[in-house]
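What follows is the residue order along each chain.
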Amino acid sequence: MDMRRRNNVTVTGRPDGPTVVLAHGFGCDQNMWRLIVPALAGRYRVVLFDYVGSGGSDLSAWSTERYSSLDGYAQDVVEVCDELGVERAVFVGHSVSAMAGVLAARAAPRRIGALVMVAPSPRYVDDDGYRGGFTADDVDELLESLESNYLGWSSAMAPVVMGNPERPELGQELTNSFCATDPDIARVFARTTFLSDSREDLKHVRVPTLVLECLHDVIAPREVGAFVHAAIPSSRLVTLDATGHCPQLSAPQATAEAILEFLESLK
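Source: prediction; values computed, not measured.

Peer 1: Would you explain the overall build of the protein in this entry?
Peer 2: When helices and strands are tallied, the protein shows 11 helices and 7 strands. Scored against the burial criterion, the 267 residues of the protein give a buried share of 57%. Looking at the protein alone, contacts between residues at least 24 apart form 76% of all its contacts between residues at least 6 apart. In the structure as shown, the protein presents an accessible area of about 11000 Å², 50% of it carried by carbon and sulfur atoms. On the protein, the mean spot of the 23 positive side-chain charges and the mean spot of the 36 negative ones are 9 Å from each other.

Have a look at this one:
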């Protein structure tokens, strides 16, 4: 199979520069990075893609079995990197995609040499001694609502995820992105996202890692950022002066600057 077509791969920026791979989260696609790419493209080779089932990917490649676990999304990452011959790339993953990057880095250490985790969460459900931001009942209700009326759920949930109510155009953009996703595929991806528990996987990260959290984020509260930072040896935690779960849209300059500073530190 042609992985470039399957995952709607886009390569831009400096052809001979170090490679940065940008990976979107649930209900989104590579367009979510459009405000960050110009800041990276002058010095880096930038790879963007859509997970199978998202954006402009080949929907015929979708498999409920494969994408019912984060391993399926990590496999997409590895296969795209293999197709492009990527070596020691910096993987920038947003939200649940940060955990897919953790799995991909362990599966293919030759391909991924560093991680940037944007608003990551290894587990969304609270647990003993751990605050993920949602109770088990919260997540059950969220998934039931999504499964019964996906478009209605999208219209209600996207602005909450985005935050920044004084900038309604941001919430509308995320709503449109959610609504563009096939509901059956979204149901599987949502369950994979909100029911996953990747806390143990963090202990196996051996590459330089930047954890980017937002000052106010109802999806991944700051306790989560602190947990991820503590779980990954020698990681760097940066708190952006930003609100919401999508700083690449709500605070693109601050997000790009933090990523660039980390990239420069790797040289």
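Peer 1: I keep staring at the sheet that holds strand β4 (residues 89-94) and nothing clicks. Help me out?
Peer 2: By definition, the strands of a sheet pair up through backbone hydrogen bonds, in either a parallel or an antiparallel sense. Read from one edge to the other, the open sheet built from 7 strands follows the order β1-β3-β2-β4-β5-β6-β7, with strand pairing classed as mixed. The sheet terminates laterally at β1 (10-13) and β7 (236-243), the two strands that pair on one side only. Strand-to-strand twist across the sheet, computed as the mean angle between neighbouring axes with direction ignored, equals 20°. Sheet topology places strand β6 (residues 209-216) next to β7; 6 bridges connect them, and they run parallel. Counted as the bridge partner of H216 is T243 from β7. Docked against the sheet, helix α4 (residues 96-107) engages β2 (19-23), β4 and β5 (112-118), running at close to 165° with respect to β5.

Peer 1: It is not clear to me how the packing of aromatic side chains should be interpreted in this structure. Could you clarify?
Peer 2: Aromatic rings in a pair are described by how distant their centres are and how their planes are angled relative to each other. A full pass over the atoms with the stated rule returns 13 aromatic pairs. Among the aromatic residues, ring-to-ring pairing joins F26, F49, Y51, W62, Y67, Y73, Y150, W153, F178 and F189 into one connected group. The ring of Y130 carries the charged tip of R199 above its face, separated from the ring centre by 5.0 Å.

Peer 1: What should I look at first to understand the packing of helix α6 (residues 150-162) against helix α7 (residues 168-179) in this one?
Peer 2: Between two packed helices, both the angle of their axes relative to each other and the distance between the axes serve to describe the pair. The contact between α6 and α7 brings their axes to 8 Å, and the two run at 140°. By the criterion of interaxial angle, the relationship of α6 to α7 is oblique. In this structure, α6 meets α7 at a crossing whose hand is right-handed. Residues Y150, L151, W153, S154, S155, A158, P159, V161 and M162 of α6 pack against L170, G171, L174, T175, F178 and C179 of α7. Residues of the contact of α6 with α7, tallied by class, amount to 11 nonpolar, 4 polar and no charged.

Peer 1: What's the story with the pairing of β4 in this structure? I'm lost.
Peer 2: The element β4 is largely enclosed, with a buried count of 6 among its 6 residues. Here β4 shows no split at all, with A89, F91 and G93 on one side and V90, V92 and H94 on the other all buried. Of the strand pairs in this sheet, β2 and β4 are connected by 4 bridges, and their pairing is parallel. Within β4, the position partnered with V20 by the bridge is V90. As judged from the 6 bridges shared by β4 and β5, these two strands associate in the parallel manner. Looking at the pairing, H94 lines up with V118 of β5.

Peer 1: Looking at this structure, how should I read α7?
Peer 2: Taking 1.5 Å per residue, 12 residues should reach 16 Å; α7 reaches 16 Å between its end C-alpha atoms and fits that length. When we look at burial in α7, the residues that qualify are L170, G171, L174, T175, S177 and F178. Seen along its axis, α7 keeps its buried residues to an arc of 160°; they face one direction. On the buried face of α7, the contacting elements are α6 and α10 (247-250).

Peer 1: Please explain unusual backbone geometry as it appears in this structure.
Peer 2: Negative phi values dominate among residues other than glycine, just as trans dominates among peptide bonds. Non-glycine residue S95 carries a positive phi angle of around 60°. With respect to the helices, strands and loops of the structure, S95 is situated in the loop between β4 and α4.

Peer 1: It is not clear to me how the nonpolar core should be interpreted in this structure. Could you clarify?
Peer 2: In globular proteins that are soluble, nonpolar side chains generally tend to be buried together. Counting 70 residues, the largest nonpolar core has L115, M117 and L174 as the members making the most contacts within it. In this view, L174 contacts C28, M32, A158, V161, M162 and C246; residues no more than four positions away in its chain are not counted. Counting 26 residues, the second-largest nonpolar core is a separate cluster that includes V37, A114, A258 and I259.

Peer 1: Looking at this structure, how should I read the pairing of β5?
Peer 2: For a regular strand, side-chain orientation follows a simple rule: the groups alternate between the two sheet faces. In terms of burial, β5 is a largely internal element, 7 of the 7 residues being buried. Crossover handedness for the path β4 to α4 to β5: right-handed. In the sheet, β5 pairs with β6 via 4 bridges, with the strands oriented parallel. Paired with V116 across the two strands is L210, which belongs to β6.

Peer 1: What's the story with the pattern of salt bridges in this structure? I'm lost.
Peer 2: Opposite charge on two side chains lets them pair, provided their charged atoms get close. Evaluation of the coordinates by the stated rule reveals 21 salt bridges. A salt bridge links E200 to K203; the shortest N-O distance between them is 3.1 Å. In this structure E200 comes out as exposed when scored by relative accessible area, which is 51%. What you see here is one network of salt bridges that share partners, running through R6, R66, D76 and E79.

About the thresholds
Residues numbered from 1 in each chain as written. Predicted model: local features only at pLDDT ≥ 70, side-chain atom pairs only at ≥ 80, totals over all residues. Heavy atoms only, no water. Helix = DSSP H or I, 4+ residues; strand = E, 2+ residues; numbered from the N terminus. Buried < 20%, exposed > 50% of the residue type's maximum accessible area, 1.4 Å probe, protein only. Contact = heavy atoms within 4.5 Å. Areas by Shrake-Rupley, 256 points an atom, 1.4 Å probe, with all protein chains shown as cover. Lys, Arg positive; Asp, Glu negative; His and termini not counted. Charge placed at Lys NZ, Arg CZ, Asp CG, Glu CD. Pairing = 2+ DSSP bridges. Axes fitted to C-alpha atoms, helices over the stretch in contact; angles between N-to-C directions. Phe/Tyr/Trp six-rings, centres within 6.5 Å; stacked < 30°, edge-to-face > 60°. Lys NZ or Arg CZ within 6 Å of the ring centre and 35° of its normal. Parallel < 35°, antiparallel > 145°, perpendicular 65-115°, else oblique. Left-handed = near helix turned anticlockwise from the far one by under 90°. Nonpolar A, V, L, I, M, F, W, Y, C, P; charged D, E, K, R; others polar. Expected span 1.5 Å × (residues − 1). Arc of directions from axis to C-beta. Core = buried A, V, L, I, M, F, W, Y, C linked by side-chain atoms within 4.5 Å. Right-handed = clockwise from strand over helix to strand, strands pointing away. Salt bridge = Lys/Arg side-chain N within 4 Å of Asp/Glu carboxyl O.

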